[in-house]
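Survey of secondary and tertiary structure
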Amino acid sequence: MAALVRLETRLSRLREEYFLKNRSVDEDRKIVYKAAVKIQSWFRGCRVRAYLRYLNKMAISIQKWWRGYQSRRYFRKMIKTAYFIMKMNFYNEMAVRIQKRWRGYYVRKYTHNYYALKKYLEAISLNNEIVRNELQEYAEMNEKKKKKKDLEKKEKEKKYKARKMHYLLSTEQIAGIYNSPFRKFPDPMELLLRQSKPLSHRQQQPKSPFTYDLYDWPTCKRPPAFPTGEPLPPIGRQKPQGPFRDAAEVLRQRYKPLEPTLRVAASISSPLEKAREEMKREEWRKCIHDNEFLPFSSYHKNEKYELSIHASEKIGKETYGIKHFREVQPNKWIAGKV
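Presented here is an overview of the structure given in this document. Quick caveat: nothing in here was measured; it's all calculated off a predicted structure.

Conventions adopted
Within each chain, residue numbers correspond to sequence positions counted from 1 in written order. Local features are withheld for residues below a pLDDT of 70 in this predicted model, meaning they are given only at 70 or higher, and side-chain atom pairs are given and counted only at 80 or more; totals for whole chains, interfaces and linings count all residues. Note that water and hydrogens are dropped before the side-chain values are worked out from all heavy atoms of the structure. Working definition: helices are DSSP H or I runs of at least four residues, strands are E runs of at least two. Numbering for both runs from the N terminus. When a residue's accessible area, from a 1.4 Å probe over protein chains only, is under 20% of the maximum for its type it is buried; when over 50% it is exposed; and in between it is partly exposed. Here, two residues are considered to be in contact whenever any of their heavy atoms come within 4.5 Å of each other. Only the protein chains shown count as covering a residue, and every accessible area follows the Shrake-Rupley method with a 1.4 Å probe. Salt bridges are identified by distance alone: a Lys or Arg side-chain nitrogen within 4 Å of an Asp or Glu carboxyl oxygen. Given a helix with a known number of residues, its expected span is that number minus one, times 1.5 Å. Paired rings are identified among Phe, Tyr and Trp, the last through its six-membered ring, by centres lying within 6.5 Å, and are further divided according to the angle between planes into stacked (under 30 degrees), edge-to-face (over 60) and tilted (the rest). N or O atoms within 3.5 Å of each other form a polar contact, as long as, within protein, one can give a hydrogen and the other can take it, and as long as residues adjacent in sequence are counted only when both atoms are side-chain atoms. By nonpolar core is meant a set of buried Ala, Val, Leu, Ile, Met, Phe, Trp, Tyr and Cys residues that side-chain atoms within 4.5 Å join together. Exposure above 30% relative accessible area and the lack of any salt bridge qualify a residue for a patch; like charges then connect within 9 Å, and the nonpolar side chains Val, Leu, Ile, Met, Phe, Trp and Tyr within 5 Å.

Quick look at the overall build of the chain now. The helix and strand tally for the chain stands at 8 helices and 0 strands. Traced from its N-terminal end to its C-terminal end, the chain shows the element sequence α-α-α-α-α-α-α-α. Taken over 338 residues, the chain has a buried fraction of 6%. Sequence-distant contacts in the chain: of pairs separated by 6 or more residues, those separated by 24 or more amount to 40%. About 34900 Å² of surface is accessible on the chain, with carbon and sulfur atoms providing 59% of the total.

Right, dumping it as structure tokens:
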């Protein structure tokens, strides 16, 4: 019994000792674990660094070997290429020499024959001389034709001028301007006026517009068009003698269209005012009725319905004669209207 009591008194102290021993063991275990981890990391690092150094050395040696191999191979290739180029240049130069010798021999023997070339050049010079003479004759002939045509044209113009100025011909009583009394012989123009006849103006006959339509009606080749010719001079009036202008030119000047100045052609009002007036006219033209429709107002609620004049039913009093044209009074009617 005394032993049991002694054990019970030592029980609390044993628990504390057990706890302390376990705590110290755990702390030692942690310290040992950390030391082991540090030793392993250091060892592994040394091993990896040694392996990497080995690999780096191997890679450097492989690169050196490969670069040397590539350089030796490229150098051999360059030597072969240079040798091939030199050989091809030599062959080309030799081929050019052979071709030059052969072409010179062939051309001198078969192509450029001296006597044949001399004969050919003499024939060409003779042919050129013949062609040059023919061209010269042709140019002289053309020049003669041109001069003859110019002379004929001038003579024709001179005759037409004489016919046009036939009124200047001298008479027995009055001498003309080309027949001066101070001259021994009359002017050549006076002689030409005596030989020529006066210029007569033939009147153009008006063409009937129905002939054109009847002629082209079966075929319908072209559509009918209004005549757009120039206005003719007055009919039945002879041209007065004297240096007057042509009647058609006078009529063209008289009836030419009006060409107003910029001040007359331009409008007084500005473009803005014109645009506003045009907009007002457009609005007034498009307007259907003057009563404005207001959907959210009570203005139209008290408005009375206006019956159309074509409606069959009569609802309320008619507004035809009251508001529009005349007043309708059924009481004054003598007989009823159906």
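When charged atoms on two side chains of opposite charge get close, those side chains can pair. One pass over the structure, following the stated rule, counts 8 salt bridges. For glutamate 129, the salt bridge goes to arginine 132, with nearest N and O atoms at 3.0 Å. Here arginine 132 and glutamate 129 lie together in helix H2 (residues 114-164), a separation of 3 residues that amounts to about one turn. Accessibility expressed as a relative area gives 40% for glutamate 129, which makes it partly exposed. By relative accessible area, which is 48% here, arginine 132 ends up partly exposed. Residue arginine 194 is joined to glutamate 190 by a salt bridge in which the shortest nitrogen-to-oxygen separation is 3.7 Å. In this pair, arginine 194 and glutamate 190 are both assigned in helix H3 (residues 188-195), 4 residues apart and thus about one turn of the helix distant.

With respect to the helices, strands and loops of the structure, serine 180 is situated in the loop between H2 and H3. On the basis of relative accessible area, serine 180 is assigned to the partly exposed category, the value being 24%. For the pair serine 180 and serine 170, spaced 10 residues apart in sequence, the C-alpha separation works out to 9.8 Å.

Below, the discussion takes up helix H7 (residues 271-286). Because each turn of an α-helix spans 3.6 residues, side chains separated by three or four positions in sequence point in the same direction. Here H7 contains 16 residues, and its C-alpha end-to-end distance of 22 Å stays within 8% of the 22 Å for a straight helix at 1.5 Å per residue. Where burial is concerned, little of H7 is hidden: 0 out of the 16 residues are buried.

On inspection of all chains with the given rule, the structure shows 7 aromatic pairs. Ring plane angle 45 degrees and centroid distance 6.4 Å describe the contact between tryptophan 65 and tryptophan 66, whose orientation is recorded as tilted. Aromatic side chains tryptophan 66 and tyrosine 69 sit 5.7 Å apart centroid to centroid with 35 degrees between the ring planes, which places their arrangement in the tilted category. A residue pair is termed a helical-turn pair when its members lie 3 or 4 positions apart in one helix, as tryptophan 66 and tyrosine 69 do in helix H1 (residues 2-111) at 3 residues. The class for tyrosine 69 is partly exposed, based on a relative accessible area of 31%. Joined through ring pairs, the aromatic side chains of Trp102, Tyr105, Tyr106 and Tyr110 make up one cluster.

What follows concerns the side chain of serine 170. Inspection of the secondary structure assignment puts serine 170 in the loop between H2 and H3. The exposure class assigned to serine 170 is buried, which follows from its relative accessible area of 15%. At 2.6 Å, the side chain of serine 170 forms a polar contact with the side chain of glutamate 190.

So, about the nonpolar core. Counting 5 residues, the largest nonpolar core consists of Ala162, Met165, Met189, Leu192 and Leu193. Counting residues per element, this core draws most heavily on H3, which supplies 3 residues. When near neighbours in sequence (up to four residues on either side) are disregarded, leucine 193 contacts Ala162, Met165, His166, Leu168, Leu169 and Tyr178.

Together, Val48, Tyr51, Leu52, Tyr54, Leu55, Met58 and Ile62 give the surface a local cluster of nonpolar side chains, amounting to about 690 Å² of exposed area. Position of leucine 55 relative to the elements: it lies in helix H1. Of the residues examined, leucine 55 reaches a relative accessible area of 36% and is grouped as partly exposed.

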